[in-house]
Number of protein chains: 2
Amino acid sequence: MMRSDILDLFEKHDILPTQQRVEVAQILLVRPQHLSAEQIIDRLMQQGSSVSKATVYNTLKLFGEHGIVKEIMADPVRKFYDSSTLPHHHFYNVDTGELHDIAESDVSIGSLPLLPAGTRQESVEVLIRVRPTEN
Amino acid sequence: MMRSDILDLFEKHDILPTQQRVEVAQILLVRPQHLSAEQIIDRLMQQGSSVSKATVYNTLKLFGEHGIVKEIMADPVRKFYDSSTLPHHHFYNVDTGELHDIAESDVSIGSLPLLPAGTRQESVEVLIRVRPTEN
DNA sequence: AAAACAATTTGGAATTGGTCTATACTGCAG
DNA sequence: CTGCAGTATAGACCAATTCCAAATTGTTTT
Ligand SMILES: [Mn+2]
Ligand SMILES: [Mn+2]
Ligand SMILES: [Zn+2]
Ligand SMILES: [Zn+2]
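Residues numbered from 1 in each chain as written. Chains lettered and ligands numbered in written order. Predicted model: local features only at pLDDT ≥ 70, side-chain atom pairs only at ≥ 80, totals over all residues. Heavy atoms only, no water.

### Let's talk about the protein's contact with DNA strand C
Here's step 1: Close to DNA strand C lie 19 residues; A:Tyr57, A:Val77, B:Thr18, B:Gln20 and B:Thr55 are nearest.
Here's step 2: At 2.5 Å from a phosphate oxygen of DNA strand C is found a side-chain nitrogen or oxygen belonging to B:Thr18.
Here's step 3: With 4 residues, helix H4 (residues 53–65) of chain B is the single largest residue contributor to the surface near DNA strand C.
Here's step 4: Residues of the surface near DNA strand C, tallied by class, amount to 7 nonpolar, 6 polar and 6 charged. (Near = heavy atom within 4 Å. Polar contact = N/O pair within 3.5 Å; in protein donor to acceptor, adjacent residues only side chain to side chain. Helix = DSSP H or I, 4+ residues; strand = E, 2+ residues; numbered from the N terminus. Nonpolar A, V, L, I, M, F, W, Y, C, P; charged D, E, K, R; others polar.)

### Re the pairing of strand E5 (residues 99–102) of chain A
All names here are of chain A.
Here's step 1: Relative to E5, strand E4 (residues 89–93) runs antiparallel, the two being bridged by 4 bridges. Note on E5: the bridge partner recorded for histidine 90 is aspartate 101.
Here's step 2: The hairpin formed by E4 and E5 contains 5 residues between the paired strands, and glycine 97 there has a positive phi angle of roughly 80 degrees. (Pairing = 2+ DSSP bridges.)

### Topic: the domain arrangement of chain A
All names here are of chain A.
Here's step 1: Under the domain assignment, chain A is made up of domain 1 (3–81) and domain 2 (84–130).
Here's step 2: The distance between the C-alpha centroids of domain 1 and domain 2 comes to 22 Å.
Here's step 3: In this complex, domain 1 contributes 11 residues to the contact, which on the side of domain 2 involves 14 residues.
Here's step 4: When the two sides are added together, the surface that domain 1 and domain 2 hide from each other amounts to roughly 920 Å², 56% of it contributed by carbon and sulfur.
Here's step 5: Among the residues of domain 1 in contact with domain 2, His34, Lys70 and Ala74 are the three that bury the most area, contributing 56% of the side total.
Here's step 6: The interface formed by domain 1 and domain 2 holds 0 salt bridges in total.
Here's step 7: Linking domain 1 with domain 2 are 3 residue pairs in polar contact (both at pLDDT 80 or more).
Here's step 8: Here the side of domain 1 that touches domain 2 is built from residues that sort into 7 nonpolar, 2 polar and 2 charged. (Domains from an automatic or database assignment. Contact = heavy atoms within 4.5 Å. Buried area = accessible area lost by both parts, 1.4 Å probe. Salt bridge = Lys/Arg side-chain N within 4 Å of Asp/Glu carboxyl O.)

### Considerations on the sheet that holds strand E6 (residues 119–132) of chain A
Here's step 1: Taking strand neighbours across the sheet as the criterion, the 6 strands line up as E5(A)-E4(A)-E6(A)-E6(B)-E4(B)-E5(B) in an open arrangement whose pairing is mixed. Here the strands that pair on one side only, and so sit at the sheet edges, are E5 of chain A together with strand E5 (99–102) of chain B. Averaged over all pairs of adjacent strands, the angle between their axes in this sheet comes to 30 degrees, without regard to strand direction. (Axes fitted to C-alpha atoms, helices over the stretch in contact; angles between N-to-C directions.)

### What to know about the protein's contact with DNA strand D
Here's step 1: What surrounds DNA strand D is a group of 19 residues, the closest being A:Thr18, A:Gln20, A:Thr55, B:Tyr57 and B:Lys79.
Here's step 2: Here, DNA strand D places atoms within 4 Å of the protein, and 77% of those atoms are sugar or phosphate.
Here's step 3: Backbone polar atom of A:Ser52 to a phosphate oxygen of DNA strand D: 3.2 Å apart, as the coordinates give it.
Here's step 4: Between DNA strand D and A:Thr55, the relevant distance is 2.9 Å, taken from a phosphate oxygen to a side-chain nitrogen or oxygen of the residue.
Here's step 5: Those elements that place two or more of their residues in the surface near DNA strand D are helix H2 (19–28) and helix H4 (53–65) of chain A together with helix H3 (37–46) and H4 of chain B.
Here's step 6: Top element by residues in the surface near DNA strand D is H4(A). It accounts for 4 residues.
Here's step 7: Class assignment for the residues of the surface near DNA strand D results in 7 nonpolar, 6 polar and 6 charged.

### Focus on the relation of the copies chain B and chain A
Here's step 1: Superposing chain B onto chain A requires a rotation of 179 degrees together with a translation of 0.0 Å along the rotation axis, leaving an RMSD of 0.2 Å. Such a turn and shift between the copies fits a two-fold axis.
Here's step 2: A share of 97% of interface residues in chain B that are also interface residues in chain A marks the association as one of identical surfaces. (Least-squares fit on C-alpha atoms with pLDDT ≥ 70 in both.)

Listed below in structure tokens is the structure:
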């Protein structure tokens, strides 16, 4: 995803394309990946740009609300932000903390139980926890 | 699960049955449930017992390492400790933060993808995010 | 029993990811 | 210009969890 795509995406969602939002998007949305807020802040620093922590969090939250990124909670200590928003699943390496995608089509879920009364389903996510083979 | 069961369980796992560990176990392991560390601390307080916060966390971590309880990360801000350790799945109500069990047999997972090289599978968990129907 | 030792518990400080707040900046409409 | 809405910012704040060094408990040695 390149700059013009990002601007189009923002326009489609009525998101004002501020300098800071574009910069965050250019880091996160370039490829399918899973970054924590801090990783994004670090990369911004590295490239000399100084977007504030508060703005990064505001922006990620905004993107999340518009479904432009997906929040992933696999690690107990931090959220990851996923640039792939289509339904899919994940491997989570509990040792390294790495996340890897699993295509939705690679997991077939047969039946699903009835939802609790008064609720509607928002997502179904499969998380396969793995750890390095010891030996 | 009653007191003697807890003591047996501890013995099986070579866990020294200290006063504090037994008290924590008696709160969490009595029934299938999902409690946060703070909920456990609150209940200890209520019943007059004063186990320190540090010990509660130490104990929950110990139980987790022995597979006596399972840590669940569905809520971004806190862990939940699940007294059911057999494989099963969850509904997570994103509005209320409540977790509800889904029997393993209620979800049939067909195929699973190849694991990343050099890793072994630890668990497969399905999390169905739900929210109250608005209207 | 006293001393030594290991395991556990403890209060409180420290850490950490994230949010809040009050102020400042930006771009535009009147 | 001036006013206003929307944003950005630094830094204070917060809540969950971990860390630490000292105190307690229980168990061996002398
Ligand atoms: Mn992904
Ligand atoms: Mn459960
Ligand atoms: Zn949108
Ligand atoms: Zn064990």
